[in-house]
Amino acid sequence: MGLWPFARGQSPYVSNGRQFASPYDPSNPNDNSWTASAVEYDYVVVGGGTAGCVVASRLSEDLNSTVLLIESGKSAGNLFTRIPLAFTKSFKTESDWAYHTVPQKAMNGKEFYWARGKVLGGTSAINALIYDRCSSEDFDSWAKAGCTGWSWAELEPYFRKAEHFNENQVPTAKLKLNEKGRSGPWKIKRTDIGAPITESILDSCKELEIPHVEDTNTADKPRGVGHFPGIVDEAGKRCSTAAAYLTPDVLARPNLTVAIKNTTEKILFVEKDDGSLKAAGIQISAGPDAPKFRVRAKKEVVLCAGTVSSPHLLLVSGVGAKAELEAAGVECIKDLPHVGKHLSDHISSGPIIFRAKPEVTLDYINAPLHAAFNLIKWLWSGSGPFGTLAVPSAAFVRSDNERRLVDTSIGPVKDLSSGPNSPDIEVLWSPLVVPDFFTVGKPGESGITIAAITLKPDSEGSITFKSASIWDRPLLDGNYFSSESDINIAMRGVRLILKLVRTQPLKSYIDFRIQDNPDKSSYFWLADNDPDKLTNEELRAFVLRNGHPACHPAGTCRMGSSPDNSVVDPELKVHGIQGLRVVDASVFPTQVSGHPAAPIVAMAEKLADMVKAEHSSSRE
C-alpha cells in the first residue's frame, strides 16, 4: 500500500522523501531488501508534466489502485505561468529546465536554448498555449507504419475526452462544436485576436488564395489559414494539465500521492523467476548529495518525463545501446539501441521582423504604464491583450507548389508529409517585435514577427548522456538543418512570407525601408532587403544564420513494431521489459504536422485507458 500523508485542508503535495518513500543507503548497493520492504504503489508515474498529470489523474480514478506521481519541480509557477501573452516570462526561471543544445554543425556552431517545463504541468505550464490537434494523416501514417491502435479514428475520441471547449466569449467563431469535446477537464477557447494587424494577415492570405479555415481542429483538418484556439480557461488564465487534471477533488483522493521537488534518479529492475525483466520501482532524491529513497511499483512504472528526460532516465538506468552504456560506466540491463535516437524537432527560419505602424500591433504594452494597466485589466477580468495568444493564428501550406505560391525553383526537397492533405510548412506570426522568440524589442519599436517552420524535418538528432548520474545534464543535439531539404523548405517558406507582407491589406500596415546593403546585424535585415534582388545564396545564408528551433522535440523513445526500429511497442511498453511504459512526445513515431500539446494529452488519455483495461482484466 502507498502512504497517504495528507487530508483535506492540508497541503496536497509532499516533498520530504520520508513521507512517501523508504530510505535507501547507496553505500550498500547489494542490499536488495527494498524489493520486499520499500513503500509500494500500484502505479508510479515519473514526471508530472503534460502527460504525467493526465495519467496520474486517470489511473487514480480507480480508488482500489494506489498512484504515486513524482515531479522534479514545484507544484506551481509564478504569476506569469498563468498569463497567456506573458508565457516567455517563465523561461529561464525555476519553472524551466532551461536546456541548451550542443553546437549545431550546420548552423555555424550555434547553441540553442530549449524551454522545458520544470513544474507540475510540465511544458503545458510554460508553452505558447496553442491548441492544435494536427493533421489526421499524422496518426493514420503511424498506424500504417505498424503502430496499430493509433490511427486518427482510434485517437480522436481521446481528444474529445480531454477537451472542454468554451466558445461563449467569441460568438463569431464558427467552430464545429459537434466534433469537439464539451465536458472534458482541459479548458479550451478562442481568445480575442488582440491586434488589428492579425486580421490583415488573414485577409492577405485570402488574396493569395490560401483558404480561410474557420475551425483549425476538424477531423479532416484542411490546409489553410486560421486562428488557433487557446488552452485558456473561462477566466482568461492558462489551463495547464496540472490545472485541468489535478483539481482539488483529484488531489484529495486518498489513493493519490503527488510528490514534488524530487527527481527520479533511476528505474529499478528485478529479474523474475522465468528470467524476464520487470521494472520494480524507482530511486529518488531531492538533490545529488541529498538522501536517497526508493519505492516499489506493484503493477507498472509509467515514464512521462518528456523527450529529453525519458530517454535520459532510461540510459542512466541501463536501458539503451550496450556500447554507449558501457562507455559511460553504466551496466547494460537491456540493449535497446534506439533509446535517445531519432530526435525530431520543428526547425524554423527564425524570427523575421517587419516594422509596422504602432497602432496595429501590441508593442505598446511593453511601455510600463500600458503594461501595468493591462495587467490590472487581466487580473480583474481575464481580458485585454494579456489574455490573448502570442501566436494567434497561422497558415499551413505545402512546399510543393501550393497554388503556385511557393517558389519551387528552390530545391530539391523531400516530401516527408504525412499525406497529400497534410502541410509541411507552417507560417506563423506574432503582433510584436520578438527578436529571438523569447525577448521583446527595443522601446519605441513596433512590428510583426513572422516565421516559416519546417514541419516534417529530414534531420534527426539525439539525446545522449555523460555519466551514470541523472544529475549530469544530458547532451541535446537537434542536428538542425543537416539535411539540405530542410533548409530548402524553410527558404521556400521565407519567400512566401516576403510575398505575403507585400500583399494588401497587410502591405499598408508595413513600414518598408528598403536599402541596398542593410546591416546584417540588425533583426530588420531581411525586411530591409528588396526581395527581387535578394539571391537564394543570400537567403540560404540568412536561414542558417537566423534559424531557430520551435522547441517541439519528439521521437527519442519512439513507438514501433520491433526493438530493431523503436523503443516502445504499440501498447507503449518498453521492448523486453515488463511493467514499464512511456507516454510523452518521445514516443511519437514521426513528427506531427503542428503543435504537439494536444496529441500528447490525447495519447496520455488513451494510455491510461489501456493500463486500466489490462489490469482490470488481470483481476477478473
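For clarity, every value in this text was computed on a predicted model and none was experimentally measured. (Residues numbered from 1 in each chain as written. Predicted model: local features only at pLDDT ≥ 70, side-chain atom pairs only at ≥ 80, totals over all residues. Heavy atoms only, no water.)

1. Quick look at the pattern of salt bridges
On inspection of all chains with the given rule, the structure shows 26 salt bridges. In this structure, Glu 614 and Lys 573 form a salt bridge, with 3.1 Å as the shortest nitrogen-oxygen distance. Taken together, the residues span a long stretch of sequence, with Glu 614 in helix H14 (residues 597-619) and Lys 573 in the loop between strand E23 (548-549) and strand E24 (577-578) at a distance of 41 residues. Through salt bridges that share partners, Arg 58, Glu 61, Lys 161, Glu 605, Asp 609 and Lys 612 make up one connected network. (Salt bridge = Lys/Arg side-chain N within 4 Å of Asp/Glu carboxyl O. Helix = DSSP H or I, 4+ residues; strand = E, 2+ residues; numbered from the N terminus.)

2. Quick notes on the nonpolar core
Residues Phe 354, Trp 429 and Val 583 are the most contacted members of the largest nonpolar core, which totals 184 residues. Per element, the largest residue contribution to this core is eleven residues, and it comes from H14. Setting aside residues no more than four positions away along its own chain, Val 583 makes contact with Ala 51, Val 55, Val 302, Leu 303, Cys 304, Leu 572, Met 603, Ala 604 and Leu 607. (Core = buried A, V, L, I, M, F, W, Y, C linked by side-chain atoms within 4.5 Å. Buried < 20%, exposed > 50% of the residue type's maximum accessible area, 1.4 Å probe, protein only. Contact = heavy atoms within 4.5 Å.)

3. Focus on the packing of aromatic side chains
Throughout the structure, instances matching the rule amount to 16 aromatic pairs. When the centroid spacing of 5.0 Å and the interplanar angle of 55° are considered together, the rings of Tyr 523 and Phe 524 count as tilted. Assessed through its relative accessible area of 26%, Tyr 523 is described here as partly exposed. Relative accessible area serves as the criterion here: at 6%, Phe 524 is assigned to the buried category. (Phe/Tyr/Trp six-rings, centres within 6.5 Å; stacked < 30°, edge-to-face > 60°.)

4. Some words on the pairing of strand E3 (residues 39-46)
The element E3 is extensively covered by neighbouring structure, given that seven of its eight residues are classed as buried. Here seven bridges tie E3 to strand E13 (residues 292-303), and the two strands are oriented parallel to one another. Each residue of the ladder has a partner; that of Tyr 43, found in E13, is Glu 300. Where E3 lies against strand E4 (residues 67-70), four bridges are found, and the strand directions are parallel. Its bridge partner being in E4, Val 45 is matched across the sheet by Leu 69. In this fold, E3 hands off to helix H2 (residues 52-59), which returns the chain to E4; that crossover is right-handed. (Pairing = 2+ DSSP bridges. Right-handed = clockwise from strand over helix to strand, strands pointing away.)

5. What to know about the packing of helix H11 (residues 484-500) against helix H13 (residues 536-546)
Relative orientation of the contacting elements H11 and H13 amounts to 105°, with a least axis distance of 10 Å. Relative to H13, the element H11 lies roughly perpendicular. In contact with Glu 484, Ile 487, Ala 490, Met 491, Val 494 and Arg 495 of H11, H13 contributes Asn 536, Leu 539, Arg 540, Val 543 and Leu 544. Residue composition of the contact of H11 with H13, by class: seven nonpolar, one polar and three charged. (Axes fitted to C-alpha atoms, helices over the stretch in contact; angles between N-to-C directions. Parallel < 35°, antiparallel > 145°, perpendicular 65-115°, else oblique. Nonpolar A, V, L, I, M, F, W, Y, C, P; charged D, E, K, R; others polar.)

6. Digging into helix H5 (residues 196-207)
Over its twelve residues, H5 runs 17 Å from end to end, which matches the ideal 16 Å to within 8%, given 1.5 Å per residue. Within H5, burial applies to Ile 197, Thr 198, Ser 200, Ile 201, Leu 202, Ser 204 and Cys 205. Packed against the buried residues of H5 are strand E9 (224-227), strand E18 (393-397), strand E19 (425-430), strand E20 (447-454), H11 and helix H12 (506-509). Two residues or fewer past H5, Glu 209 is found with a positive phi of approximately 65°. (Expected span 1.5 Å × (residues − 1).)

7. A closer look at the layout of surface pockets
The space that makes up the second largest pocket amounts to roughly 770 Å³. Of all the secondary-structure elements, those providing two or more residues to the lining of the second largest pocket are strand E11 (263-271), strand E12 (277-285) and E13. Of all the elements, E11 adds the most residues to the lining of the second largest pocket, at seven residues. (1 Å grid on protein atoms, 1.4 Å probe; cavity = no way out; pocket = protein on both sides within 12 Å on 5 of 7 lines; lining within 4 Å. Points joined across faces, edges and corners; volume = space filled by probe spheres on them.)

8. Examining the environment of Asp 516
Within the secondary structure layout, Asp 516 lies in the loop between H12 and H13. The class of Asp 516 is exposed, set by a relative accessible area of 68%. The spacing of Asp 516 and Asn 529 is 13 residues in sequence and 7.1 Å in space, taken between C-alpha atoms.

9. Thoughts on the packing of helix H3 (residues 136-144) against helix H4 (residues 152-162)
In contact at an axis separation of 9 Å, H3 and H4 are set at 130° when each is read in the N-to-C sense. Considering the angle they form, H3 stands oblique to H4. Listed contacts from H4 to Ser 136, Phe 139 and Asp 140 of H3 are Trp 152, Leu 155 and Phe 159.

10. Concerning the environment of Ala 394
Along the chain, Ala 394 falls in strand E18. Sequence spacing of Ala 394 and Lys 299 is 95 residues, and the spatial spacing of their C-alpha atoms is 44 Å. Beyond its immediate chain neighbours, meaning those up to four positions away, Ala 394 contacts Gly 224, Val 225, Gly 226, Phe 228, Glu 426, Val 427, Leu 428 and Trp 429.

11. Structural notes on the confidence of the model for the chain
Scored by pLDDT, the chain has a mean of 93; 96% of the residues are at 70 or more. Ignoring residues within four places in sequence, the model shows residues 1-9, a span with pLDDT below 50, making 28 contacts including any to other chains. (pLDDT = per-residue confidence, 0-100.)

12. Description of unusual backbone geometry
The peptide bond linking Gly 411 to Pro 412 adopts the cis configuration, its omega dihedral lying at 5°. Residue position: Pro 412 is located in the loop between E18 and E19. Following Gln 504, the chain continues to Pro 505 via a peptide bond in cis, the omega torsion being 5°. As for its placement among the helices and strands, Pro 505 is situated in the loop between H11 and H12. Even without a glycine there, the phi angle at Cys 134 is positive, about 70°. Examined against the element boundaries, Cys 134 turns out to sit in the loop between strand E6 (113-114) and H3. With a relative accessible area of 1%, Cys 134 lands in the buried category.

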